[in-house]
Every structure is written in C-alpha cells, then in structure tokens.
Amino acid sequence: MATVEPKLVLLFSGKRKSGKDYVTDLIHQRLGPDVCCILRLSGPLKQQYAQDHGLDFDELLGAGEYKEKYRADMIQWGEKQREKDPGFFCRVAIKEAQQPIWIVSDTRRLSDLQWFWREYPSQSRCVRVEASEETRKERGWEFTTGIDDAESECGLDQGVDFDWIIKNEGDGSQLEEQLATGLLSIAKEKAKED
Ligand SMILES: Nc1ncnc2c1ncn2[C@@H]1O[C@H](COP(=O)(O)OP(=O)(O)O)[C@@H](O)[C@H]1O
Ligand SMILES: C[C@@](O)(CCOP(=O)(O)OP(=O)(O)O)CC(=O)O
C-alpha cells in the first residue's frame, strides 16, 4: 500500500486518443509535482508484459506504433492477470505515491473503479475525457475490431456517474478554462486541507 493517505484521487478514463495523457499531464503541470502525481495502471502491466515477452518497456509507454502493434495481445494478457486478481495493477500503481493528490490516468474497467472506491471512498472522483471521433482520427486513431469494441475501451461507457466530463476537442482551446473553473480549483482546495 502507499505510504500516504491521499486527499483526492482523480480516476480518469476516456477512449484512445481522447487525450487522457495530454490532459493529465496538463493538470500535473498546473498543480505541480509536490502536490500531485500521475499513476498509470498500464505502467506495471506494460512492465511485466515487456519482461515476459522480451519487449521494449519504454516503447510500450510511448504514444507510437510500437504500443499499437502489441495492444490487442497486451489487453488479453492483462485481462488474464485481472481475472486472477482484479486489484493487482491498482496496488502496484499506488505503491510509491507520496503526494496528496493522485491522478490515475487510465482506468478502463468497473473493477478498476471499484477497487479505488473501496480503498479510498471519500477521496475518489471519476473524470471522463471526451473527444469526437473526428478529433481522435486527426490524432491518429483508427477503429480496430477487437480493441475499440472490447472492454478495454468500452468498459466504462455505461454505469459510471462522472464527477467531471472534460471536452478535449481539436487543439483543446477550451481545456484550460474547463479545468480552471472545475477540477483544478477543487484540487487546489483539497491540497491545502489539513
Ligand atoms: N488538447 C490537445 N492539444 C494538442 N494535442 C493534443 C491535445 N490532446 C491530445 N493531443 C495529442 O493527441 C495525441 C493523443 O493524446 P493522448 O493524450 O496520448 O491520448 P490517450 O492517452 O487518450 O490515448 C497525442 O499526440 C497528444 O499530444
Ligand atoms: C493493455 C493496456 O493497458 C494498454 C493501454 O495503453 P495506454 O494506457 O497507453 O493506452 P491509451 O492511452 O488508450 O493509448 C490496455 C488495457 O486493457 O489494460
């Protein structure tokens, strides 16, 4: 378990190329590294998958073609691990977290959210990042059967009451304003609480 109790846990989800990494990086910059950290459930997953399959972990972390080449198999592999232990990647991801505000950048399944809600019921909030298919295509997305119609991408399409929905279209010109008036102001207040 993490060595500190967080004040706020922001659980992000969104489709491929909706901008989860972009938006969470921006929030991280605005709050600063002493206040907040980004946790990725896919981090320990990719690390273990790379090790087991003799692949390049750093390349799997990037936004390029390498990750896409292995995505379908990585999903299958991750699902097998989650079947054995649904909280496995969550527990590893939070292990080193020290900051009061945690951003989990890539929740994908109800089991991910349920784990955080159970462990941190008063601190957890759900955030959805949304972009139209047109915008996602401009960012390099192409519909792929077996990925875009599978649980990894669709597991949180229904059944979640999101605390914030962030629209990240085009160049994201309205992004700063949406964050400043909502999520960022709450996060700054929480960070100051004793
Ligand atoms: N608001 C934005 N302005 C400019 N580029 C963006 C914006 N949002 C996302 N991008 C770019 O789109 C691509 C996909 O975004 P990313 O955050 O990796 O998506 P996801 O993590 O949801 O798959 C990246 O190259 C990223 O830099
Ligand atoms: C096997 C995965 O963890 C790979 C996820 O990689 P990223 O989280 O880097 O993906 P996007 O940001 O959506 O492009 C998916 C899963 O089902 O767990």
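Cut-off values and rules
Residues numbered from 1 in each chain as written. Chains lettered and ligands numbered in written order. Predicted model: local features only at pLDDT ≥ 70, side-chain atom pairs only at ≥ 80, totals over all residues. Heavy atoms only, no water. UniProt positions renumbered as here; feature names shortened; annotations may be inferred. Helix = DSSP H or I, 4+ residues; strand = E, 2+ residues; numbered from the N terminus. Contact = heavy atoms within 4.5 Å. Polar contact = N/O pair within 3.5 Å; in protein donor to acceptor, adjacent residues only side chain to side chain. Phe/Tyr/Trp six-rings, centres within 6.5 Å; stacked < 30°, edge-to-face > 60°. Buried < 20%, exposed > 50% of the residue type's maximum accessible area, 1.4 Å probe, protein only. Lys NZ or Arg CZ within 6 Å of the ring centre and 35° of its normal.

**Student:** I would appreciate a short explanation of the UniProt feature "binding site: substrate" (unreviewed entry) in the protein in the present structure.
**Tutor:** Under the feature "binding site: substrate" (unreviewed entry), the UniProt entry names Asn 168. Relative to the helices and strands, Asn 168 resides in the loop between β5 (164-167) and α9 (175-181). Beyond its immediate sequence surroundings of up to four residues, Asn 168 is in contact with Ser 18, Gly 19, Val 23, Val 129, Glu 130, Ala 131, Thr 135, Arg 139 and Leu 175. Within the structure, the side chain of Asn 168 is placed 2.9 Å from the backbone oxygen of Ser 18, a separation counted as a polar contact.

**Student:** Before we go on, may I ask you to explain the packing of aromatic side chains in this structure?
**Tutor:** Within a pair of aromatic rings, the relevant descriptors are the distance that separates the centres and the angle that separates the planes. For the coordinates displayed, the defined rule picks out 7 aromatic pairs. Taken together, a centroid distance of 6.5 Å and an interplanar angle of 40° make the contact between Trp 77 and Phe 89 tilted. Taken together, the residues span a long stretch of sequence, with Trp 77 in helix α4 (residues 65-84) and Phe 89 in helix α5 (residues 88-94) at a distance of 12 residues. Each member of the pair, Trp 77 as well as Phe 89, is classed as buried. A cation over an aromatic ring shows up here: Arg 136 above the ring of Trp 141, its NZ or CZ 4.0 Å from the ring centre.

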